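Fold and geometry: a report
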Amino acid sequence: MVNVLKGVLVECDPTVKQYLLHLDETNALGQKFVIEDLDDQHVFVTAEIKDTLMKKIDAMMEQLSYSSSDKQETK
C-alpha cells in the first residue's frame, strides 16, 4: 500500500529553516508538520499548515524588523 501526503516545498535561508524545525519539534503549531528535511534551504511540509506557518513566520519577521519609527532621538 502506498501512502500519499499532500505537501508544500518551502525554500528559505538556513536560519528560518532552523526556526521551522524548532516549531515542528516543540509542537508549537499543535501538530508535527515537517514531512522531510531536504537540505540547508528546503523543507517539505504538510499543505494544511501553510497558512498558519506563514502567519507565524510573518509575526517573527515583524518582531525582528527595525523601522525608522522605532528609532528614538537622543539629545
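Coordinates for the structure precede this section.
Residues numbered from 1 in each chain as written. Predicted model: local features only at pLDDT ≥ 70, side-chain atom pairs only at ≥ 80, totals over all residues. Heavy atoms only, no water.

1. Overview of helix α2 (residues 50–64)
Inclusion rule: Put simply, DSSP marks the helices as runs of H or I at least four residues long and the strands as runs of E at least two long, and each gets a number from the N terminus on. A helix is expected to span 1.5 Å multiplied by its residue count minus one. Relative accessibility decides the category of a residue: with a 1.4 Å probe and only protein chains considered, values under 20% of the type maximum give buried, values over 50% give exposed, and everything between is partly exposed. When we speak of the arc, we mean the arc of directions from the helix axis to the C-beta atoms. Contacts: residue pairs with any heavy atoms within 4.5 Å of one another.
Between its first and last C-alpha atoms α2 spans 21 Å; for 15 residues at 1.5 Å apiece the expected length is 21 Å, and the two agree. What α2 keeps buried is the set L53, I57 and M60. Seen from one end, α2 has its buried residues packed into an arc of 60 degrees, which puts them on one side. Away from its buried face by more than 90 degrees, α2 exposes D51, K55, E62 and Q63. Close packing links the buried residues of α2 with α1 (14–25) and β3 (42–46).

2. Details of unusual backbone geometry
For N27, which is not glycine, the phi dihedral falls at a positive 60 degrees. Along the polypeptide, N27 turns up in the loop between α1 and β2 (34–39). Take N27: its relative accessible area is 39%, and that puts it in the partly exposed class.

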